[in-house]
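Descriptive structure summary
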Amino acid sequence: MTAEPTTQLIKADGASAAQAARVLAAGGLVAFPTETVYGLGADATNGTAVARLYQAKGRPAFNPLIAHVPDIAAARALARFGRAAERLAAAFWPGPLTLVLPKRADCPVAELATAGLDTVAVRVPNHPVARALLMACGRPVAAPSANRSGHLSPTTAQHVLADLRGRIELIVDGGPTPVGLESTIVACLDRPALLRLGALPRAEIEQVIGSVQPAAAAAPATDGAEVPLAPGQLGSHYAPRARLRLNARRVAAGEALLAFGPAAAEGCERAALALNLSARGDLIEAAANLFSHLRTLDGCGAATIAVMPVPHTGLGEAINDRLRRAAAPRQGM
Ligand code: TXA
Ligand code: MG
């Protein structure tokens, strides 16, 4: 996949799902209609494709993404369903409901798509074009709304084209989306919690599982959606056990090292364990490796992870945002 793709716009027809699946399998980006809004899809199991997706959207930070699957059987391969989740899925899938659930240990979704969290957001959309694409693809598809960060969610293929032309490989035009409002998001972790109001009314959810707590603090996201604002119990960002020392140019004895680029850090031979986000200095590769490398380094037992500077351009901005959050002192710890 080239850095600046030519965007092809095709009408949804008997052949479009197979074409979209081929583009996704090759690591490409495909916009497609769901019943809520158009999604921008990438193979959720391919960290590099997911990194390109954040880049195409121009996301200032790596918000976790929803994994779209064709049916509940495929959802069970990603996440663990408790009682409330089972009932909600039976009542509303396929449909405009996203469930945030504990990630299975063998969940194939890339760490970057879940932003390093132990939870995963899953949704079975109710739209013939989306379902055909997901069935043809045979893998979970990570798909945020198909707009540039800070813009409105798109409800037509023309909106997507206006926002993302030259940034994605393919747009499948299935006409205007019927609902036009994003899915409702419910976390089923300890107690069900409403993370985002959306196309499925709260009253309908409460008929099935009783009252749901709204997430303690919700703040408007840059793209107009509601996102949970650091609700501790939901773990809204990845928190390593080790302390992070940012912009490190040398390594102290016993520290782990998260390197970036071809230049060696001073004293890197002293590192308890050293991993490079991208030895060739490629920010897409670095983004794809970010959370999995942090996890591995955190597991090596070192008290501190020294992190070499990452340039603040392109995806580097989002990488630095996440590193800063991971380095911040823990609340309540
Ligand atoms: O209707 C929709 O949901 C559309 C269509 C394309 O499916 N998708 C969509 O995705 O609205 P997006 O990325 O714009 O919004 C997803 C929201 C974000 O606010 C994100 O923070 C939240 O879901 N989210 C995803 N994974 C999460 C997790 N593990 N824990 C908490 N929130 C999560
Ligand atoms: Mg959005």
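Residues numbered from 1 in each chain as written. Chains lettered and ligands numbered in written order. Predicted model: local features only at pLDDT ≥ 70, side-chain atom pairs only at ≥ 80, totals over all residues. Heavy atoms only, no water.

A sheet is described by the order of its strands in space; here 11 strands give the open sequence 1-8-2-3-7-4-6-5-9-10-11, paired in mixed fashion. Edge positions in the sheet fall to strand 1 (8-11) and strand 11 (213-214), since each has one partner strand and no second. Looking at chain direction, strand 5 (residues 97-102) and strand 6 (residues 119-123) are connected through four bridges and run antiparallel. Counterpart to P102 in the pairing with strand 6 is T119. Docked against the sheet, helix 2 (residues 47-57) engages strand 3 (38-43) and strand 7 (141-142), running at close to 145 degrees with respect to strand 3. Strand contacts of helix 4 (residues 83-92): strand 5, strand 9 (184-188) and strand 10 (192-196), with the helix running at about 155 degrees to strand 5, the strand carrying the most contacts. (Pairing = 2+ DSSP bridges. Helix = DSSP H or I, 4+ residues; strand = E, 2+ residues; numbered from the N terminus. Contact = heavy atoms within 4.5 Å. Axes fitted to C-alpha atoms, helices over the stretch in contact; angles between N-to-C directions.)

Owing to its 3.6 residues per turn, the α-helix brings residues three or four apart onto one side. Taken as a whole, helix 5 (residues 128-137) has its buried residues at V129, A130, L133, L134 and C137. Along the long axis of helix 5, the arc covered by the buried residues comes to 130 degrees, so they all point the same way. Residues of helix 5 that are exposed and angled more than 90 degrees away from the buried face: P128 and M135. Lining the buried residues of helix 5 we find helix 1 (16-25), strand 2 (30-33), strand 4 (66-68), strand 7 and strand 8 (170-173). Directly after helix 5, the chain includes G138, whose backbone phi takes a positive value near 70 degrees. (Buried < 20%, exposed > 50% of the residue type's maximum accessible area, 1.4 Å probe, protein only. Arc of directions from axis to C-beta.)

Next up on the list: the packing of helix 4 against helix 7 (residues 202-209). Two numbers describe how helix 4 lies on helix 7: the axes approach to 9 Å, and their chain directions differ by 125 degrees. The angle between the axes of helix 4 and helix 7 places the two elements in the oblique class. Crossing of helix 4 over helix 7 shows right-handed handedness. In this structure, helix 4 contributes A84, R87, L88, A91 and F92 to the contact, and helix 7 contributes E204, I205, V208 and I209. Along the lines of polarity and charge, the residues of the contact of helix 4 with helix 7 split into seven nonpolar, no polar and two charged. (Parallel < 35°, antiparallel > 145°, perpendicular 65-115°, else oblique. Left-handed = near helix turned anticlockwise from the far one by under 90°. Nonpolar A, V, L, I, M, F, W, Y, C, P; charged D, E, K, R; others polar.)

Counting through the fold element by element, A274 comes out in strand 16 (residues 274-276). Residues A274 and A75, 199 residues apart in the sequence, show an inter-C-alpha distance of 35 Å.

With that out of the way, let us pick up the pattern of salt bridges. If you walk through the whole model with that rule in mind, you get 16 salt bridges. D118 serves as the salt-bridge partner of R295, at 3.2 Å between the closest nitrogen and oxygen. Of the two residues, R295 is situated in helix 8 (residues 283-298) and D118 in the loop between strand 5 and strand 6; the sequence distance between them amounts to 177 residues. Look at R295 and you get partly exposed, because its relative accessible area is 30%. Residues R280 and E285 are paired through a salt bridge, measuring 3.3 Å at the closest nitrogen-oxygen approach. Among the charged side chains, a network of salt bridges with common partners joins E111, D118 and R295. (Salt bridge = Lys/Arg side-chain N within 4 Å of Asp/Glu carboxyl O.)

To continue, consider unusual backbone geometry. Following W93, the chain continues to P94 via a peptide bond in cis, the omega torsion being -5 degrees. Among the structural elements, P94 can be located in the loop between helix 4 and strand 5. Its identity is not glycine, yet A115 carries a phi of approximately 50 degrees, on the positive side. Inspection of the secondary structure assignment puts A115 in the loop between strand 5 and strand 6. Given the relative accessible area of 0%, A115 is considered buried. One non-glycine residue, N247, lies in the positive phi region at around 55 degrees. Relative to the helices and strands, N247 resides in the loop between strand 14 (243-245) and strand 15 (256-259). Looking at N247, the relative accessible area reads 54%, which means it is exposed.

Moving on to the packing of aromatic side chains. Throughout the structure, instances matching the rule amount to two aromatic pairs. Between Y54 and F62, the ring centres sit 4.7 Å apart and the planes meet at 65 degrees, which makes this aromatic pair edge-to-face. For Y54, a relative accessible area of 0% puts it in the buried group. What makes F62 buried here is its relative accessible area of 0%. Taken together, a centroid distance of 6.1 Å and an interplanar angle of 80 degrees make the contact between F81 and W93 edge-to-face. On the criterion of sequence distance, the pair formed by F81 in the loop between helix 3 (72-76) and helix 4 and W93 in the loop between helix 4 and strand 5 is long-range, its members being 12 residues apart. Both residues of the pair, F81 and W93, count as buried. When the ring centre of F81 is taken as reference, the NZ or CZ atom of R76 above it lies at 5.6 Å. (Phe/Tyr/Trp six-rings, centres within 6.5 Å; stacked < 30°, edge-to-face > 60°. Lys NZ or Arg CZ within 6 Å of the ring centre and 35° of its normal.)

A separate point is the sheet that holds strand 16. Hydrogen bonds between backbone groups are what pair the strands of a sheet, and the pairing can be parallel or antiparallel. If you walk across this open sheet you meet the four strands as 14-17-15-16, and the pairing is parallel. Looking at which strands have only one partner, the edges of the open sheet turn out to be strand 14 and strand 16. Direction aside, neighbouring strands of the sheet carry axes that sit 20 degrees apart on average. Summarising the sheet, strand 15 and strand 17 (residues 304-307) pair through three bridges and their orientation is parallel. Note on strand 17: the bridge partner recorded for A256 is I305.

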